[in-house]
Amino acid sequence: MHELALIESVVDAVAERLGDERVALVRLAIGELAGVDLEALRFCFEVCTKDTTLAGAELDIRSVEARARCKRCGTEHVPRSLAAPCPCGSFDRELLAGAELRLVEVEVH
């Protein structure tokens, strides 16, 4: 379960940066093609924040729509999956968005 490692990294980074400040909200941006199970991520957040300055904080997850640019025809499109071709049929494309996991914002009390 890589969701546990992802959330541990987020919690550690926030706690290290903010010290003893109580955290009210952690906002993440996660791409649709990032391969992250959002429910598992939420569960891991609850477990990892227990007895920390993040305990009780809200986890807000913003979805980032996938976008790709075809290297053959130059068209930007929304891929259904990493294995889906461009509408022109080419698989040679550059993923522009949708695979990221970013810490966007942290709010403190």
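In the block above lies the structure referred to throughout.
Residues numbered from 1 in each chain as written. Predicted model: local features only at pLDDT ≥ 70, side-chain atom pairs only at ≥ 80, totals over all residues. Heavy atoms only, no water.

1. Description of helix α2 (residues 38–49)
Here α2 is twelve residues long and its end C-alpha atoms lie 16 Å apart, about the 16 Å a rise of 1.5 Å per residue gives. All of the buried residues along α2 are Ala40, Leu41, Cys44, Phe45, Cys48 and Thr49. All buried residues of α2 project into a common sector of 150 degrees when viewed along the axis, lining one side. Along α2, the residues that are exposed and aim more than 90 degrees away from the buried face are Glu39, Phe43 and Glu46. Among the structural elements, α1 (2–18), β1 (23–31) and β2 (58–64) are those in contact with the buried residues of α2. At the N-terminal boundary of α2, the capping side chain belongs to Asp37, with an oxygen 3.1 Å from the backbone nitrogen of Glu39. Asp51 occupies a position one or two residues after α2 and carries a positive phi of about 60 degrees. (Helix = DSSP H or I, 4+ residues; strand = E, 2+ residues; numbered from the N terminus. Expected span 1.5 Å × (residues − 1). Buried < 20%, exposed > 50% of the residue type's maximum accessible area, 1.4 Å probe, protein only. Arc of directions from axis to C-beta. Contact = heavy atoms within 4.5 Å. Polar contact = N/O pair within 3.5 Å; in protein donor to acceptor, adjacent residues only side chain to side chain.)

2. Some details on the environment of Phe91
For Phe91, the location among the structural elements is in the loop between β4 (76–77) and β5 (93–97). Contact partners of Phe91, with chain neighbours within four places excluded, come to Ala83, Ala84 and Pro85.

3. Regarding the sheet that holds β1
Here we have three strands laid out as an open sheet, ordered β2-β1-β6, and mixed in their pairing. Each end of this open sheet is capped by a strand with a single partner; those strands are β2 and β6 (101–108). Geometrically, the sheet is characterised by an average inter-axis angle of 20 degrees between neighbouring strands, direction not taken into account. The sheet strands contacting α1 are β1 and β6, and the helix crosses β6 at an angle near 40 degrees. Strand contacts of α2: β1 and β2, with the helix running at about 155 degrees to β2, the strand carrying the most contacts. (Pairing = 2+ DSSP bridges. Axes fitted to C-alpha atoms, helices over the stretch in contact; angles between N-to-C directions.)

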